[in-house]
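Results of the structural survey
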Amino acid sequence: MPQGSGVAPILSNVFLHQVFDRWFEHEVQPRLRGKAIFYRFADDIAVVCATEKDAHRIMAVLSKRFGKYGLTLHPDKTRVLGFRRPPVRSLGEWDQRLAGPESFDLLGFTHYWGRSRRGQWVIKRKTATGRLSRALKRINTWCRRYRHAPVVWQHQQLVQKLRGHYAYYGMVGNDRGLKHFRYGVRQRWQKWLNRRSQRSGMTWDRFACLLERYPLPNTRIVHGAPSA
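The notes below deal with the structure included here. All values derive from a computational prediction rather than experimental measurement. (Residues numbered from 1 in each chain as written. Predicted model: local features only at pLDDT ≥ 70, side-chain atom pairs only at ≥ 80, totals over all residues. Heavy atoms only, no water.)

**Considering the pairing of strand β2 (residues 44-49)**
Selection rule: At least two DSSP bridges between two strands are required for those strands to pair. Each helix corresponds to a stretch of at least 4 residues labelled H or I by DSSP, and each strand to a stretch of at least 2 residues labelled E; elements are numbered beginning at the N terminus.
With six bridges joining them, strand β1 (residues 36-41) and β2 adopt antiparallel strand pairing. Considered in β2, the bridge of F41 is made with D44. Between β1 and β2, which pair antiparallel in sequence order, lie two residues; one of them, A42, sits at a positive phi of approximately 55 degrees.

Now the structure itself:
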């Protein structure tokens, strides 16, 4: 099965349903002391345990289970981490002397604890740093490759790319990540339009005028806030 092919996620989903999902439901959960649930998308899995001891028990048998089917676990991504609600003092402030919860990356997002508008602890998500860097790198490569294409066509394609990015990463609390991506797209588009010709470059003043005629879509929040 070629890496990155369209059928790969489908086959992974079917295969891991037997390797992990059913095994976890019928053999693992009944043996745990506390509650445990899992979230899986293709071959990305997050297991949430009520007790740290149960988390380590699962980790101890996970590699054996996957190895039985010729599969291996990612050495860096597969780990046990503490993601409890942050400790709160009587005055409602986070006691900085106590160890705070760790954050983790999953499906292109960094998941972390943050305050809601009402001051409550909630799980927030923002675009993972590595995913944002790769997305902007692809935009840079695209703008360089098609810098001599008609501006109208370039604009149409970039609008689609931005809207697609917003559709996935447009999560409540991720405003900064969306704005960073949009600003990065603007920078790279201007950069490569400026290199189209040595005689008449695309200065920032000219680019500002171009954006008035061909505006890039503003950031958009598509998905609601995750539950705590």
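**Regarding the packing of aromatic side chains**
Heads up, the rule is: A pair of aromatic rings is counted whenever rings of Phe, Tyr or Trp (Trp by its six-membered ring) have centres within 6.5 Å, and the orientation is called stacked for planes under 30 degrees apart, edge-to-face for over 60 and tilted otherwise. Three labels apply to residues, based on accessible area from a 1.4 Å probe with only protein chains included: buried if under 20% of the type maximum, exposed if over 50%, partly exposed otherwise in between.
All told, the structure shown has 16 aromatic pairs when counted by the stated rule. Seen from their ring centres, F109 and Y169 are 5.1 Å apart, and the 50 degrees between their planes marks the pair as tilted. On the criterion of sequence distance, the pair formed by F109 in strand β4 (residues 109-115) and Y169 in helix α4 (residues 151-169) is long-range, its members being 60 residues apart. F109 gets classed as buried once you look at its relative accessible area, which sits at 6%.

**Regarding the pattern of salt bridges**
Where we set the bar: Salt bridge, as used here: a side-chain nitrogen of Lys or Arg that lies within 4 Å of a carboxyl oxygen of Asp or Glu.
Within the structure shown, the criterion is met by four salt bridges. One salt bridge connects E52 with R84, and the closest N-O pair in it is separated by 3.8 Å. In this pair, E52 is assigned in helix α2 (residues 52-67) and R84 in the loop between α2 and β3 (104-106), connecting sequence segments 32 residues apart. Judged by relative accessible area, which is 46%, E52 ranks as partly exposed. Across the pair R57 and D54 runs a salt bridge, and its minimum N-O distance is 3.8 Å. Note that R57 and D54 are positioned in helix α2 at a spacing of three residues, about one turn of the helix.

**Things to note about the sheet that holds strand β5 (residues 121-127)**
Convention followed: Throughout, an axis means a line fitted to C-alpha atoms (over the contacting stretch in the case of helices), and angles, computed between N-to-C directions, take values from 0 to 180 degrees.
Pairing is antiparallel in the open sheet, where three strands are placed in the order β3-β4-β5. Unpaired on one side and paired on the other, β3 and β5 mark the two borders of the sheet. For this sheet, the mean angle separating the axes of adjacent strands, direction not counted, is 40 degrees.

**Points about the packing of helix α5 (residues 175-194) against helix α6 (residues 204-213)**
Defined as follows: Handedness of a crossing follows from how the near helix is turned relative to the far one, being left-handed for an anticlockwise turn of less than a right angle and right-handed for a clockwise one. What makes two residues a contact is simply this: any of their non-hydrogen atoms within 4.5 Å.
It is the contact of α5 with α6, at a shortest axis distance of 11 Å, that shows an interaxial angle of 115 degrees. As for how α5 packs across α6, the hand of that crossing is right-handed. Residue-level inspection shows R186, Q187, W189, Q190 and L193 of α5 in contact with α6, the latter providing W204, F207, L210 and L211.

None of this, on its own, says anything about what the molecule does.
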